[in-house]
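# Reading the structure
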Amino acid sequence: MGKILMKGNEALAEGALIAGCQGFFGYPITPSSEIAEYMARKFPQLGGIFLQAESELAAINMVYGAAATGARVMTASSGPGISLKQEGISFIAEAELPCLIVNISRGGPGLGGIQPAQSDYFQATRGGGHGDYRLIVLAPSSVQEMMDYAIEGFDLADRYRIPVMLMAEGTLGQMMEPIYVREPVKPAIEKPWATTGCAGRSPNIINTLHLSPEVLEHRNQHLQRKYDQLQANESRAETFMTDDADLILVAFGLMSRVVKKAVIEARKQGIKVGLIRPITLWPFPDAIIKEAAEKAQMFLSVEISMGQMIEDIRLAVDGAVPVDFYGRIGIIPNPEEIYSEIIRIAEREGF
Amino acid sequence: MKTVAARPESLTGAQYHYCPGCTHGIIHRLVAEVIDELGIREKTIGICPVGCAVLAYDYFNCDMLEAAHGRAPAIATGIKRMLPENVVFTYQGDGDLASIGMAEILHASARGEKITVIFVNNAVYGMTGGQMAPTTLLGQVTTTSPYGRKAEVEGYPVRMAEILAENEGSAYIARTTVNKPANVRRTKKAIKKAFEIQQKGLGFTMVEILSACPTNWGLSPVQALEWIDENMIPYYPLGEFKNKEA
């Protein structure tokens, strides 16, 4: 089949269906609502469950219950709604219930605006709610990847029994691009832990309360081992022209495509620049950045925020070279702006 | 030899952690007996609250989940929607259901979720040490209403059975108590009716059970049972408020 034109939010929703998603529980919020609307149209014909909850709190707890039955289920929202879901996400992380949580992100703090932003980076990559936990956070950069990562997100969630967050700027949710639609996937992972009624087995309990300090610590160590495994095996990034680069720009999501354009232009001027695009925001691709820091002279974090990912870049670089920052909020910097920033740094540093 | 009384199969037999004179134990047993009698243990999924019954997953011998404070009806919704053939119940206290979980319970009822809610109303926050609940009576002394609940300061106690009975989605709503044998029998009957109506798919079902908390009321177990008669029932009348089968 050839390519078809799809909107980011709808490609993501279709990707979830391709992955065998059977339930969507959500609450309307711009710029994510098309995902819910798509599911509301599709699920009645497919035999899946679409339910508009009374609140984000209820929606994430419906996901908790539905995921506990072993079904592939999801929710989608945006910044303020994702904040409301944090209580449930903490419970889901500790209960180790696989599910997909989508943040079609907008600018904050507070009600902020509906313009694109990446300022939920801290919230997404630090767990977001109470307690020591992490999510796998995938950052697509195209409408094709909105679909692909939704499918992959469900696989990762099942394999590691972890909530997976897919975070994309509002623009990516709203824009249209031609994409290849993937073949349907049949979820293959057994879930003997699911609460489905105890016929023929002893009862399953899904619980996050651990009153004994020993058990609590044991649970946390168990989660930590999983997170260590994720850091070792699942961190991913795309690198572009980094081998001989003096200056390496780091950007994720849609922002990375703008940066790539500026990098190509700067290369035409003979400036040795490259790009690293983290695909997993957590686990963060530390090793790739650390390795690049052995040859590069400098890093530049380009974000649609006031500077959040830059902290992870600095941790990865570990003082080896300076890390500079360029960011806007509510406005995606255009390629010319990034190009000018590259030129300014190159002239200043003599690259 | 004939066995006349035994532990229901739907209870694990784990020793309860409840205080002396607390009526949670009676209510657990009634729920378990009903599950046994209906033969639904292997397809029942229960959800515990945050509150004194938070550990109920240790006591019920069926698949169980533990919820965040007040969110049990939303979790029950997620389960029941995915597994409509199963039987789903929540077990919630008054702080959990009528305060922090007001939105979840009201909307589960409005949507007519085919679940059964066991609502234990003892007019006080038990597990956290006797603070005022939304169901605390006017004049009742608690640790956060130390001079007695006053309408002009803390407002009025909420009558959940009456509120939820108003929702079209509610199929069975009753209020009972367990302070004397006859009332225990009536409570069991109501619980059974609620589970049966859930199985018939008629809508949302809830049994509100007036329950004793001698520890936080500062009364002996016997006095606490009398206190239900003297103080709770006049404000929280017993009876069926909705029965779509009737």
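Residues numbered from 1 in each chain as written. Chains lettered and ligands numbered in written order. Predicted model: local features only at pLDDT ≥ 70, side-chain atom pairs only at ≥ 80, totals over all residues. Heavy atoms only, no water.

### A closer look at the overall build of chain A
The number of helices and strands found in chain A is twelve helices and 15 strands. Compactness check: chain A gives a C-alpha radius of gyration of 21 Å against a globular reference of 20 Å for 351 residues, within 12% of the reference. Based on the C-alpha atoms only, the size of chain A along its principal axes is roughly 70 × 50 × 40 Å. A total accessible area of about 13,700 Å² is found for chain A, and carbon and sulfur atoms account for 52% of it. Of note, chain A has its 32 positive side-chain charges centred 3 Å away from the centre of its 42 negative side-chain charges. (Helix = DSSP H or I, 4+ residues; strand = E, 2+ residues; numbered from the N terminus. Rg over C-alpha atoms; globule rule 2.2 N^0.38 Å. Areas by Shrake-Rupley, 256 points an atom, 1.4 Å probe, with all protein chains shown as cover. Lys, Arg positive; Asp, Glu negative; His and termini not counted. Charge placed at Lys NZ, Arg CZ, Asp CG, Glu CD.)

### Side note on the interface of chain B and chain A
Listed by partner, the interface residues are 31 residues for chain B and 36 residues for chain A. Carbon and sulfur atoms supply 64% of the area buried between chain B and chain A, which totals about 2,600 Å² over both sides. Taken as a group, Glu 42, Asp 63 and Met 82 of chain B account for 23% of the area that chain B buries against chain A, more than any other trio of residues on that side. For the pair chain B and chain A, the interface holds three salt bridges. With a shortest N-O distance of 2.8 Å, Glu 54 of chain A and Arg 111 of chain B are connected by a salt bridge. Connecting chain B to chain A are 14 residue pairs in polar contact (both at pLDDT 80 or more). Elements with a minimum of two residues in the side of chain B that touches chain A: strand S1 (44–48), strand S2 (63–66), helix H2 (72–82) and helix H4 (102–110) of chain B. Looking at the side of chain B that touches chain A element by element, the count peaks at seven residues for H2 of chain B. Broken down by class, the residue content of the side of chain B that touches chain A amounts to 15 nonpolar, six polar and ten charged. In this sheet, S2 of chain B lies alongside strand S9 (residues 205–206) of chain A in parallel orientation, the contact comprising two bridges. Bridge pairing in S2 of chain B links Ile 205 of chain A to Met 64 of chain B. (Contact = heavy atoms within 4.5 Å. Buried area = accessible area lost by both parts, 1.4 Å probe. Salt bridge = Lys/Arg side-chain N within 4 Å of Asp/Glu carboxyl O. Polar contact = N/O pair within 3.5 Å; in protein donor to acceptor, adjacent residues only side chain to side chain. Nonpolar A, V, L, I, M, F, W, Y, C, P; charged D, E, K, R; others polar. Pairing = 2+ DSSP bridges.)

### Looking at the nonpolar core
Counting 125 residues, the largest nonpolar core has Met 74 and Phe 299 of chain A together with Met 206 of chain B as the members making the most contacts within it. Sorting elements by how many residues they give to this core places helix H6 (residues 143–160) of chain A first, with ten residues. In terms of domain composition, this core takes at least three residues from each of domain 1 (3–186 + 207–233) and domain 2 (237–349) of chain A. Residues contacting Met 74 of chain A, with those up to four places away along its chain left out, are Leu 12, Ala 16, Cys 21, Gly 23, Phe 24, Phe 25, Ile 35, Met 39, Val 63, Leu 100, Val 102 and Phe 154 of chain A. (Core = buried A, V, L, I, M, F, W, Y, C linked by side-chain atoms within 4.5 Å. Buried < 20%, exposed > 50% of the residue type's maximum accessible area, 1.4 Å probe, protein only. Domains from an automatic or database assignment.)

### Re the sheet that holds strand S7 (residues 239–243) of chain B
Pairing in this open sheet of eight strands is mixed, and the strands run S9(A)-S2(B)-S1(B)-S3(B)-S4(B)-S6(B)-S5(B)-S7(B) from one edge to the other. The two strands at the open ends of the sheet, each matched to only one other strand, are S9 of chain A together with S7 of chain B. In this sheet, strand S6 (residues 204–210) of chain B lies alongside strand S5 (residues 170–177) of chain B in parallel orientation, the contact comprising seven bridges. Residue pairing in the sheet places Ile 173 of chain B in a bridge with Met 206 of chain B of S6 of chain B. Against the sheet, H2 of chain B touches S1, S2 and strand S3 (87–93) of chain B, its axis set at about 175° to S3 of chain B. Packed on one face of the sheet, helix H7 (residues 181–200) of chain B meets S3, strand S4 (116–121), S5, S6 and S7 of chain B and runs near 165° to S5 of chain B. (Axes fitted to C-alpha atoms, helices over the stretch in contact; angles between N-to-C directions.)

### Digging into the packing of helix H1 (residues 8–18) of chain A against helix H2 (residues 33–46) of chain A
Residue and element names in this part refer to chain A. Remark: H1 packs on H2, axes separated minimally by 8 Å, with the N-to-C direction vectors making an angle of 35°. Helix-helix and strand crossings are classified by hand; for H1 and H2 the assignment is right-handed. The residues of H2 that touch H1, namely those facing Asn 9, Glu 10, Leu 12, Ala 13, Glu 14, Ala 16 and Leu 17, are Glu 34, Ile 35, Tyr 38, Met 39, Arg 41, Lys 42, Phe 43 and Leu 46. Within the contact of H1 with H2, the residues separate by chemical class into nine nonpolar, one polar and five charged. (Left-handed = near helix turned anticlockwise from the far one by under 90°.)

### Some words on the layout of surface pockets
All names here are of chain A. Considered as a void within the structure, the largest pocket measures approximately 390 Å³ in volume. Around the largest pocket, the lining comprises 20 residues; the ones closest to its centre are Glu 94, His 130, Thr 208, His 210 and Leu 216. Among the secondary structure elements, those contributing two or more residues to the lining of the largest pocket are helix H4 (79–95) and helix H8 (213–233). The leading source of residues in the lining of the largest pocket is H8, at four residues. (1 Å grid on protein atoms, 1.4 Å probe; cavity = no way out; pocket = protein on both sides within 12 Å on 5 of 7 lines; lining within 4 Å. Points joined across faces, edges and corners; volume = space filled by probe spheres on them.)

### A look at the confidence of the model for chain B
Of the residues in chain B, 100% reach a pLDDT of 70 or more, and the chain-wide mean stands at 97. Here the predicted complex carries an ipTM of 0.97, next to a pTM of 0.97. (pLDDT = per-residue confidence, 0-100.)

### Section: the domain arrangement of chain A
Residues and elements named next belong to chain A. Split into domains, chain A comes out as domain 1 (3–186 + 207–233) and domain 2 (237–349). For domain 1 versus domain 2, the separation of C-alpha centres amounts to 27 Å. The partner domain 2 presents 27 residues to the 30 residues of domain 1 that form the contact. Of the roughly 2,400 Å² buried at the junction of domain 1 and domain 2 (both faces included), carbon and sulfur atoms supply 59%. Interface area lost by domain 1 to domain 2 is led by Gln 118, Tyr 121 and Phe 122, which between them contribute 28%. Across the contact surface, domain 1 and domain 2 share three salt bridges.

### Here we look at the sheet that holds strand S2 (residues 23–26) of chain A
Ordered by their spatial adjacency, seven strands build an open sheet running S3-S2-S4-S5-S7-S6-S13 (chain A), and the pairing between neighbours is mixed. Sheet topology places strand S3 (49–52) and strand S13 (280–282) of chain A at the edges, where each strand pairs with a single neighbour. When strand polarity is set aside, the average angle formed by the axes of neighbouring strands in this sheet is 20°. The strands touched by helix H3 (residues 56–68) of chain A within the sheet are S2, S3, strand S4 (73–77) and strand S5 (99–105) of chain A, with S4 of chain A carrying the most contacts at an inclination of about 165°. Taken strand by strand, H2 of chain B contacts S2, S3 and S4 of chain A, and its axis lies near 155° from that of S3 of chain A.

### Remarks on the side chain of Arg 72 of chain A
Residues and elements named next belong to chain A. With respect to the helices and strands, the residue Arg 72 is situated in the loop between H3 and S4. Classification of Arg 72 as buried rests on a relative accessible area of 4%. With near-sequence residues (within four places) excluded, Arg 72 lies in contact with Ala 19, Gly 20, Cys 21, Gln 22, Gly 23, Phe 154, Asp 155, Asp 158, Val 185, Pro 187 and Lys 191.

### Section: helix H9 (residues 221–235) of chain B
All names here are of chain B. Spanning 15 residues, H9 covers 21 Å between terminal C-alpha atoms, matching the ideal 21 Å at 1.5 Å per step. Along H9, the sharpest kink reaches roughly 35°, centred on Ile 228. Three or more residues of H9 are buried, namely Ala 224, Trp 227, Ile 228, Met 232, Ile 233 and Tyr 235. At its buried positions, H9 is contacted by S4, S5, S6 and helix H8 (214–217). (Expected span 1.5 Å × (residues − 1). Bend = angle between axes of the 7 residues up to and from the residue.)

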